[in-house]
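# Fold and contact review
Each chain is listed here by its residues.
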Amino acid sequence: MTLAMELIKPMDTSRPVFPHKHLTGIAPLAADDITTILNIAQDYANMTAEGGRPERTLKGKVILNLFFEDSTRTRTSFEMASKRLGAEVINWNMKTSSINKGETFMDTVRTLDAMHPDAIVIRHSEYGAPDYVAKRVSCPVLNAGDSWREHPTQALLDALTLRQYFGKLDGLTVAIVGDIAHSRVAASNMHLLTKMGATVRLVAPPVLLPEKAPVDGIAMFTSLAEGLPGADAVMTIRPQKERMDDALIEDASYFHDYGMTHEKLNLAGPDAVLLDPGPFLRGLMIDDDMADDKTRFLYDRQVSNGVFARMAALDLLVGG
Ligand code: NCD
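Below you will find a few notes about this structure. This one's a predicted model, so the numbers in the text were calculated from it and none came from an experiment. (Residues numbered from 1 in each chain as written. Predicted model: local features only at pLDDT ≥ 70, side-chain atom pairs only at ≥ 80, totals over all residues. Heavy atoms only, no water.)

## A closer look at the nonpolar core
Among the nonpolar cores identified, the biggest contains 88 residues, and Met190 and Leu192 are the most heavily contacted of them. Looking at which element gives the most residues to this core, the answer is helix H12 (residues 299–318), with eleven residues. Residues in contact with Leu192, not counting those within four places in the same chain, are Ile26, Ile34, Ala155, Leu156, Ala159 and Leu169. With 16 residues, the next largest nonpolar core counts Met106, Ile120, Ala134 and Val137 among its residues. (Core = buried A, V, L, I, M, F, W, Y, C linked by side-chain atoms within 4.5 Å. Buried < 20%, exposed > 50% of the residue type's maximum accessible area, 1.4 Å probe, protein only. Helix = DSSP H or I, 4+ residues; strand = E, 2+ residues; numbered from the N terminus. Contact = heavy atoms within 4.5 Å.)

## Here we look at the site of the ligand
Around the ligand, the surrounding shell consists of Arg73, Thr74, Arg123, His151, Gln154, Arg184, Val185, Arg238, Gln240, Pro277, Gly278 and Pro279. Against a free-state accessible area of 320 Å², the protein chains account for coverage of 92% of the ligand. Contributing elements (two or more residues each) for the shell around the ligand: helix H3 (73–84) and helix H7 (184–195). Taken together, the residues of the shell around the ligand break down into three nonpolar, five polar and four charged. (Near = heavy atom within 4 Å. Areas by Shrake-Rupley, 256 points an atom, 1.4 Å probe, with all protein chains shown as cover. Nonpolar A, V, L, I, M, F, W, Y, C, P; charged D, E, K, R; others polar.)

## A word on the pairing of strand E4 (residues 141–146)
Of all six residues making up E4, six are buried, and the element is well covered by its neighbours. In terms of strand pairing, strand E3 (residues 119–124) meets E4 through four bridges, oriented parallel. Each residue of the ladder has a partner; that of Val121, found in E4, is Leu142. Of the crossover connections in this fold, the one passing from E3 over helix H5 (residues 129–134) to the parallel E4 is right-handed. (Pairing = 2+ DSSP bridges. Right-handed = clockwise from strand over helix to strand, strands pointing away.)

## Here's the deal with the environment of Leu274
Relative to the helices and strands, Leu274 resides in strand E9 (residues 273–275). Of the residues examined, Leu274 reaches a relative accessible area of 0% and is grouped as buried. Setting aside residues up to four positions removed in sequence, Leu274 forms contacts with Val234, Thr236, Met260, Leu265, Ile286, Met290, Arg296, Phe297 and Leu298.

This is the structure we're talking about:
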């Protein structure tokens, strides 16, 4: 063997190709990228179901969670995912940070970046904040939700849940019901589901429908009776009152017209299932019977899949 041949290492074919440094949204991803993430997430789901432990692909890495907005599920889920893969996690706390002394957002990020985290997970109320940060730091950035723009890992965990339940995404019809105008979850789902060959419908009172959907060709309806028939799955979206300038809805009439009950879910069909990213509000978005029906309301499965989807994303961007 010549020296030149010895120096050429065999190509590592064990790691799938993922041609992105960051995960700031679903919009920049190709269908193949989405499939790659979902397949890895499914491997983690299978391994966990069999009682196995994942390889520590993030051992020695430090992940910085930067949450500028409240979060229960997403922050804990990212932390769980990071730790399952062997990383250490720092949960930066906005309430005790120098932002409160007048430091700018970007100077805070610059300071934290100078400590060389291996990845930054960011949630922020400003439109496009994760992309802004991604251009200015040296590590991968994962978007944990920005404004009403994108929440990519939520859409990935929803897709994983739908793919497990139906065995496919292509050809499904998903009706998104609720505050679509203010929802990053709805936006990322519209991108993801249409890229994967599913049909999306939007159902909401006129004030909560977007003027224009972020993806072309999405039908909009103002009543469940029009928008639900034939849908395989319904996804409810919380009225995001914190993002409304005025009170746009009245709770009792919202529940009457859009609150999910078995009767309303059956408008889609007897086999239709319900998803919700959480937090779901009982008595406003979903009635108790529906919320406690673990056969047709896939919420718990979504939360479990959140960890697997985030493990997959972290593994692809930070692992190895
Ligand atoms: C959502 C969010 O914060 O974008 N929750 C979540 O991440 N699971 C939706 C919401 O707050 O209603």
